[in-house]
Amino acid sequence: MAEPILDIRDLKKSFGALKATDGVSLDLRPGEIHALIGPNGAGKSTLIHQIAGSLKPDSGEIRFEGRDVKPLDMAARARLGMGRTFQVSSLAPEFSALRNVMLAVQARQGSSFRFFKPVMHDRGLTEPAHEALARVGLSDRADVPAAELSHGERRQLEIAIALALGAKAFLLDEPMAGMGPEGSQALTRFLDRLRGEAPILLIEHDMDAVFALADRISVLVYGRIIATGSVDEIRNHPAVREAYLGDGA
Amino acid sequence: MTRETTISIVIVAGLLAAAFIAQAMGETFYITLATRMAILGLAATGLNIALGLGGLVSFGHAAFFGIGGYAAGILATHAFNSEPLLLGLPGTNQMIVIWIAGAIAAGLVAVLIGLISLRTSGVYFIMITLAFAQMIYYFAISWPAYGGEDGLSIYVRNAFPGANTLAPMSFFLICFGLLALGLVLFALIRASRFGAALQAGRQNETRLAAVGIAPFRVRLTAFVISAMMTALAGALFADLNRFVSPSMFSWHMSGELIVLIILGGVGRLAGPLAGAIVYVLFEFALGGITEHWQFFLGLILLAVVLFARGGVMGLLAGRARHG
Ligand SMILES: Nc1ncnc2c1ncn2[C@@H]1O[C@H](COP(=O)(O)OP(=O)(O)O)[C@@H](O)[C@H]1O
Ligand SMILES: [Mg+2]
């Protein structure tokens, strides 16, 4: 079996008495989409925060391409190749969609200490940024400030940013939320192809998308992973049906 | 050219024209007013890099303004008395040397203040920068070697190659030239990759980190550049008044620089200059009538904050757009 890109071992995180992450172990292998599902408040976003470095775990291990990333801050982990999107979009609101992506391009080039060349005339930045926008279907919205984009468009923009970063793994926190059925279907087709570029840890409530895309599914309930398996295994898992999918799912 | 650029150029050219008209009418006092506008405009343009672009509300930029001023005062005093300064180095009455010395000194102090204060944000950042500036203020008051509370006179205005700096117009042109350079530098930085990172950090620090750019280094660099520009203005201010005193370090001064930016337009190219023009005009027009002119200035400021968020530049050039 190929070495996992991302490998999490026995991760724990409490908020006071609440165990938001309670001994989670999980990995992400090359070429796969690993879906993480679970009811609201299960601790899915908290897990992504700890992987990406915006929250510090209490204990446990996080390895990215074999490397212990726990000492690294969020920016350093992003430079290693974690392409992360937020459940509540997090963009530079005054910047246009294009400039938001250009920021990722310049970060990837490691060149934020250049003081004199205007970015808008810098094709080394604008061209890759336009490409990334085109891939998510936002080309005609390139000049719109992020604050004026719809919820769904902001989601797409975050994915474009992760693409422009040249991410080695995508950590997507509910990318379909607020997108509408057509948007979800388009994004589903897009993610299906994207997994060939880099594996995806996908948190998603849209079960059609999850069942269509996932190579593996892990189910998180109250901070614990109660099952990991293929789509069929999870569909038929009694504890999962009881805890999460409910009858008739 | 964007509308903002056009209006900025009109404002800058207007200041230059005003000085020449005053010169033609033989009104040197008005040249001095224009010089004051240029110097305060430069000081606030420096602050605008940190505050306007980076969202770093430094309430301690008087520290850098004062360091520039004292660099001029101290170096000039040593040159005047022919006493060596330190390590046997002489003083100097050459403005260019003074500017470099003042800017470097302010830059070094800004590194120290920045390393500590930039670990905080919001109100804490405001208070820590204020605290550092006040420390320097009290140090200046209690340091007798350079006049302590009484300040330090510069007996002859410092020299600039090829210019008679005592002629008001010559000195104005020197100040105006530096102001123009400061504005060009601001515009370049704002449009650059560094400026993009700096402004993104103001809008959303998490976004900046999520693409892999650590906000701290970007901000520290901006803070230092900002401090150096404000120090340069401080050196000019000392030469304008031919006097430096600890009041250059006072929190009033820091507050005044922030006021100039809010009046003129936060983060806008000619905002701080527009603010300085309004401020100096106001001080001149009302200062003669009432000692309480700052009360009326306060009312205007309130009106700007409540009704004209973008200040003068917001009124003239509309909302800022970021490509
Ligand atoms: N910063 C925080 N402080 C305290 N509690 C938190 C914090 N973040 C999340 N929680 C709590 O942790 C639990 C898991 O939250 P979250 O990870 O957002 O769940 P999910 O993404 O699965 O819906 C929730 O009960 C939530 O209220
Ligand atoms: Mg969540």
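Residues numbered from 1 in each chain as written. Chains lettered and ligands numbered in written order. Predicted model: local features only at pLDDT ≥ 70, side-chain atom pairs only at ≥ 80, totals over all residues. Heavy atoms only, no water.

An unreviewed UniProt entry lists chain B under the name Amino acid/amide ABC transporter membrane protein 2, HAAT family, with Nitratireductor aquibiodomus as the source organism. Among the UniProt annotations of chain B, the heading Subcellular location (unreviewed entry) holds the following wording: "Cell membrane". (UniProt positions renumbered as here; feature names shortened; annotations may be inferred.)

The name an unreviewed UniProt entry gives chain A is ABC transporter related protein, with Nitratireductor aquibiodomus RA22 as the organism.

Enquirer: How should I be thinking about the overall build of chain A in this particular structure?
Expert: Looking only at helices and strands, chain A has nine helices and ten strands in total. Its C-alpha atoms give chain A principal-axis dimensions of roughly 60 × 40 × 40 Å. For chain A, the proportion of its 249 residues judged to be buried stands at 54%. Taking as baseline every contact in chain A between residues at least 6 positions apart, the subset at least 24 positions apart corresponds to 64%. A total of about 10900 Å² of accessible surface is found on chain A, and carbon and sulfur atoms cover 49% of it. (Helix = DSSP H or I, 4+ residues; strand = E, 2+ residues; numbered from the N terminus. Buried < 20%, exposed > 50% of the residue type's maximum accessible area, 1.4 Å probe, protein only. Contact = heavy atoms within 4.5 Å. Areas by Shrake-Rupley, 256 points an atom, 1.4 Å probe, with all protein chains shown as cover.)

Enquirer: Would you mind showing me how to read the site of ligand 1 here?
Expert: Residue and element names in this part refer to chain A. Surveying the vicinity of ligand 1 reveals the residues Phe 15, Leu 18, Ala 20, Pro 39, Asn 40, Gly 41, Ala 42, Gly 43, Lys 44, Ser 45 and Thr 46. Between ligand 1 and Ala 42 there is a distance of 3.2 Å, counted from an oxygen atom to a backbone nitrogen or oxygen. Interatomic distance of 2.5 Å between a side-chain N/O atom of Thr 46 and an oxygen atom of ligand 1. Mapped onto the shell around ligand 1, the elements with two or more residues apiece are strand E2 (18-28) and helix H1 (44-52). Tallying contributions element by element places H1 first for the shell around ligand 1, with three residues. (Near = heavy atom within 4 Å. Polar contact = N/O pair within 3.5 Å; in protein donor to acceptor, adjacent residues only side chain to side chain.)

Enquirer: I would appreciate a short explanation of the interface of chain B and chain A in the present structure.
Expert: Many descriptions give the size of an interface as the accessible area lost when the pieces come together. Taken together, the contact between chain B and chain A spans 30 residues of the former and 36 residues of the latter. Of all residues in chain B, the largest losses of buried area upon contact with chain A belong to Arg 193, Arg 207 and Val 211 of chain B, amounting jointly to 28% of the total for that side. The tally of links from chain B across to chain A stands at three salt bridges. A salt bridge links Arg 202 of chain B to Glu 94 of chain A; its shortest N-O distance comes to 3.2 Å. The interface formed by chain B and chain A includes 14 residue pairs in polar contact (both at pLDDT 80 or more). Breaking the side of chain B that touches chain A down by element, the ones donating at least two residues are helix H6 (168-191), helix H7 (193-203), helix H8 (205-210) and helix H9 (215-241) of chain B. For the side of chain B that touches chain A, the element with the most residues is H7 of chain B, which contributes eight residues. Residues that form the side of chain B that touches chain A fall into these classes: 16 nonpolar, nine polar and five charged. (Buried area = accessible area lost by both parts, 1.4 Å probe. Salt bridge = Lys/Arg side-chain N within 4 Å of Asp/Glu carboxyl O. Nonpolar A, V, L, I, M, F, W, Y, C, P; charged D, E, K, R; others polar.)

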